[in-house]
Amino acid sequence: MTVADKLGGIQEREGSIVIELAFSILAADFAHLADEIALAEKGGGTIVHVDVMDGHFVPNITFGPPVVKAIRPITKLPLDCHLMIENPDEFIPAFAEAGADMVAVQIEACRHLNRTLQLIADHGMKPGVVLNPATPVEMLVEVLPMVHHVLVMSVNPGFGGQKFLPRAVERIARLREMRAEMGLNYRIEVDGGIAHDTVASVVQAGADMLVAGSAIFSPGKTEANAREFLKVARTAGAGGE
Ligand code: DX5
Ligand code: ZN
């Protein structure tokens, strides 16, 4: 196979990647979670992003498997669980039981990352790995063949509504290059401060699962926000601004 053939193959594969909005329910009105999810879905969101925080790995506490179980019957969309917790292995079976489709663990919380990713896959879920802004992307090289997605944090995890850290753009571009070099097809997800004014840069770098919370959920505007966000993202993905 020539280099040109190989590149052609990569572009073909990339051409089939769909840009998706993974709306983070952390920014939703928890008293009306079902309605909030329905509105974001109506606006074009296709993944429910669930931010699980334990008060140890990050300085905040959110929700766990019972909330995943509660939202499982109200939507057909995949549930993408982002575990910002210590000892994720302990909780992986409970997330599977609750109905999670994808589970991503923070590399910084995993002593035996290979084992943890295998455990997620063994429970029938798609394994992902998450990198904090200070963690070099090269640390993932050994596990990239095992993952369904790599999640690049573009803020320090723990809270919604933080400012986007622009170094994420280079990190995403490097992960896209590594994917081509290694002949893999993991998806690239980005999370934190992704909004109408930052989304084009991450899409152009190669992100295709776009997490957004505060840019989407807003009383009376959720559906329109999701629609507009996806329009900007897909225009950037198609080569426009
Ligand atoms: C941060 C979470 C994010 C956060 C995104 O720790 O992982 O998913 O909710 O929120 P926004 O889009 O408001 O930055
Ligand atoms: Zn998240």
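Here the structure is a predicted model, which means the values were calculated and not measured. (Residues numbered from 1 in each chain as written. Chains lettered and ligands numbered in written order. Predicted model: local features only at pLDDT ≥ 70, side-chain atom pairs only at ≥ 80, totals over all residues. Heavy atoms only, no water.)

A. Broad picture of the overall build of the protein chain. Counting its secondary structure elements, the protein chain contains 8 helices and 8 strands. For 241 residues, the compact-globule estimate of 2.2 N^0.38 gives 18 Å, and the C-alpha radius of gyration of the protein chain, at 17 Å, lies within 12% of that figure. With the C-alpha coordinates aligned to their principal axes, the bounding extent of the protein chain is approximately 55 × 40 × 30 Å. Relative to its full complement of 241 residues, the protein chain shows a buried share of 49%. The contacts of the protein chain with a sequence gap of at least 6 include a subset with a gap of at least 24, amounting to 66%. Surface exposure of the protein chain reaches about 11100 Å², of which carbon and sulfur atoms provide 55%. With 20 positive and 30 negative side-chain charges, the protein chain shows a spacing of 3 Å between the two charge centroids. (Helix = DSSP H or I, 4+ residues; strand = E, 2+ residues; numbered from the N terminus. Rg over C-alpha atoms; globule rule 2.2 N^0.38 Å. Buried < 20%, exposed > 50% of the residue type's maximum accessible area, 1.4 Å probe, protein only. Contact = heavy atoms within 4.5 Å. Areas by Shrake-Rupley, 256 points an atom, 1.4 Å probe, with all protein chains shown as cover. Lys, Arg positive; Asp, Glu negative; His and termini not counted. Charge placed at Lys NZ, Arg CZ, Asp CG, Glu CD.)

B. Structural view of the sheet that holds strand 2 (residues 47-53). Read around the closed barrel, 8 strands run 1-2-3-4-5-6-7-8, paired in parallel fashion. Between one strand axis and the next, the sheet turns through 25° on average, direction left out of account. In this structure, strand 2 lies alongside strand 3 (residues 79-84), joined through 6 bridges in parallel fashion. Bridge pairing links Val-50 to Cys-81 in strand 3. (Pairing = 2+ DSSP bridges. Axes fitted to C-alpha atoms, helices over the stretch in contact; angles between N-to-C directions.)

C. Structural view of the coordination of the zinc ion (ligand 2). Protein ligation of the zinc ion (ligand 2) involves His-49 (NE2), Asp-51 (OD), His-82 (ND1) and Asp-191 (OD), the donor distances falling in the range 2.0 to 2.3 Å. Seen from the zinc ion (ligand 2), its 6 donor atoms lie at angles of 66 to 165°, and the figure they make is octahedral. Positions of the donor residues of the zinc ion (ligand 2), expressed as sequence spacing, correspond to H-x1-D-x30-H-x108-D. Separated by 31 residues along the polypeptide, Asp-51 in strand 2 and His-82 in strand 3 bring together distant segments of the chain. (Donors = N, O, S within 2.8 Å, 3.2 Å for Na, K, Ca; no water. Tetrahedral: all angles 85-135°; square planar, octahedral: opposite > 155°, others 65-115°.)

D. Spotlight on the pairing of strand 1 (residues 20-24). For strand 1, a buried count of 5 out of 5 residues is recorded, marking the element as mostly surrounded by other parts of the structure. Judged by which residues are buried, strand 1 turns out to be covered on both faces: Glu-20, Ala-22 and Ser-24 on one side and Leu-21 and Phe-23 on the other are all buried. Across 4 bridges, the pairing between strand 1 and strand 8 (residues 209-212) is parallel. Residue pairing across strands places Phe-23 opposite Ala-212, the latter belonging to strand 8. Sheet analysis places strand 1 next to strand 2, joined by 3 bridges and oriented parallel. Paired with Phe-23 across the strands is Val-48, a residue of strand 2.

E. Region of interest: the packing of helix 2 (residues 33-42) against helix 8 (residues 222-237). For the pair helix 2 and helix 8, interaxial distance at closest approach is 7 Å and the crossing angle is 35°. You can see that helix 2 and helix 8 cross each other, and the crossing is right-handed. Counting all contacts with helix 2, which are made through Glu-36, Leu-39, Ala-40 and Lys-42, the residues of helix 8 involved are Thr-222, Glu-223, Ala-226 and Arg-227. Partitioning the contact of helix 2 with helix 8 into residue classes produces 3 nonpolar, 1 polar and 4 charged. (Left-handed = near helix turned anticlockwise from the far one by under 90°. Nonpolar A, V, L, I, M, F, W, Y, C, P; charged D, E, K, R; others polar.)

F. Examining the site of ligand 1 more closely. Around ligand 1, the surrounding shell holds 20 residues, and the nearest of these are Asp-51, Gly-158, Asp-191, Gly-213 and Ser-214. Contacts to ligand 1 include Gly-161, whose backbone N or O atom sits 2.8 Å from an oxygen atom. Here ligand 1 loses 99% of its free accessible area of 380 Å² to cover by the protein chains. Those elements that place two or more of their residues in the shell around ligand 1 are strand 2, strand 3 and strand 8. Top contributing element to the shell around ligand 1 by residue count: strand 2, with 3 residues. The class makeup of the residues in the shell around ligand 1 is 8 nonpolar, 10 polar and 2 charged. (Near = heavy atom within 4 Å. Polar contact = N/O pair within 3.5 Å; in protein donor to acceptor, adjacent residues only side chain to side chain.)

G. Region of the structure containing unusual backbone geometry. Phi angles above zero are rare outside glycine, and Asn-87 is one such case at about 50°. Along the chain, the position of Asn-87 falls in the loop between strand 3 and helix 4 (92-98).

H. Geometry of the nonpolar core. Residues Ile-25, Leu-175 and Leu-210 are the most contacted members of the largest nonpolar core, which totals 68 residues. In terms of residues, this core owes the most to one element, helix 8, which gives 6 residues. When residues no more than four places from it in sequence are discounted, the contact partners of Leu-175 are Val-137, Leu-140, Leu-144, Val-150, Val-152, Tyr-186 and Ile-188. (Core = buried A, V, L, I, M, F, W, Y, C linked by side-chain atoms within 4.5 Å.)

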